Amino acid sequence: MIKRLLAPVQAWILLQGKCPGCGKHLSLGRKFERSDNSQKIICSCGRIYIFDKRKGKYRRAAFTEAGN
Ligand SMILES: [Zn+2]
């Protein structure tokens, strides 16, 4: 029940460029350039996101993307 409500809220927070986990702005996180026109962002809370430069959108990093 709660999870069904939470997912859209988290997606919305991410759209604002903020970490749904801790609420910090992702522009404050550590950034790593990637080869595919995107950036990997590591938030200070340890969560990992991908910023797509073409779309200008953040998303959660897939498990396979966390390491590189
Ligand atoms: Zn965070």
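Further up the page is the structure itself.
A few points on the structure. (Residues numbered from 1 in each chain as written. Predicted model: local features only at pLDDT ≥ 70, side-chain atom pairs only at ≥ 80, totals over all residues. Heavy atoms only, no water.)

1. What to know about the pattern of salt bridges
Filter applied, for reference: Put simply, a salt bridge is a Lys or Arg side-chain nitrogen that is within 4 Å of an Asp or Glu carboxyl oxygen. The rule is simple: take the accessible area with a 1.4 Å probe, protein chains only, and divide by the maximum for that residue type; under 20% is buried, over 50% is exposed, in between is partly exposed.
Within the structure shown, the criterion is met by 4 salt bridges. Ionic pairing is found between R59 and E65, a salt bridge with its closest N-O pair at 3.1 Å. The exposure class assigned to R59 is partly exposed, which follows from its relative accessible area of 39%. E65 sits in the buried class, given a relative accessible area of 14%.

2. With respect to the coordination of the zinc ion
Operational definition: Donor atoms (N, O, S) are those found within 2.8 Å of the metal centre, with the cutoff raised to 3.2 Å for Na, K and Ca; water is not part of the atom list, so apparent gaps in a site can occur.
The coordination sphere of the zinc ion, as far as protein atoms go, consists of C19 (SG), C22 (SG), C43 (SG) and C45 (SG), spread over 2.3 Å. Expressed as a motif, the donor residue spacing for the zinc ion is C-x2-C-x20-C-x1-C. On the accessibility criterion, C45 (35% relative accessible area) is partly exposed.

3. Looking at the side chain of E65
Convention followed: The numbering of helices and of strands both runs from the N terminus, where a helix is a DSSP run of H or I of at least 4 residues and a strand a run of E of at least 2. Counting of polar contacts relies on pairs of N or O atoms within 3.5 Å, with two restrictions inside protein: one atom must be capable of donating a hydrogen and the other of accepting it, and residues adjacent in sequence are counted only when both atoms are side-chain atoms. Should any heavy atoms of two residues lie within 4.5 Å, those residues are counted as being in contact.
Turning to its location among the elements, E65 is positioned in the segment after β4 (57-60). Polar side-chain contacts of E65 include one of 3.1 Å to the side chain of R59. In this structure E65 touches R34, K40, I50 and R59, once residues within four positions along its chain are discounted.

4. A few points about the packing of aromatic side chains
Inclusion rule: Ring pairs shown here join Phe, Tyr and Trp side chains whose ring centres sit within 6.5 Å, with only the six-membered ring taken for Trp; geometry is labelled stacked below 30 degrees between planes, edge-to-face above 60, and tilted in between. Placement of a positive charge over a ring is assigned whenever Lys NZ or Arg CZ falls within 6 Å of the ring centre and within 35 degrees of the normal to the ring plane.
One pass over the structure, following the stated rule, counts 1 aromatic pair. One Lys or Arg, K40, reaches over the ring of F32 and ends 5.8 Å from the middle of that ring.

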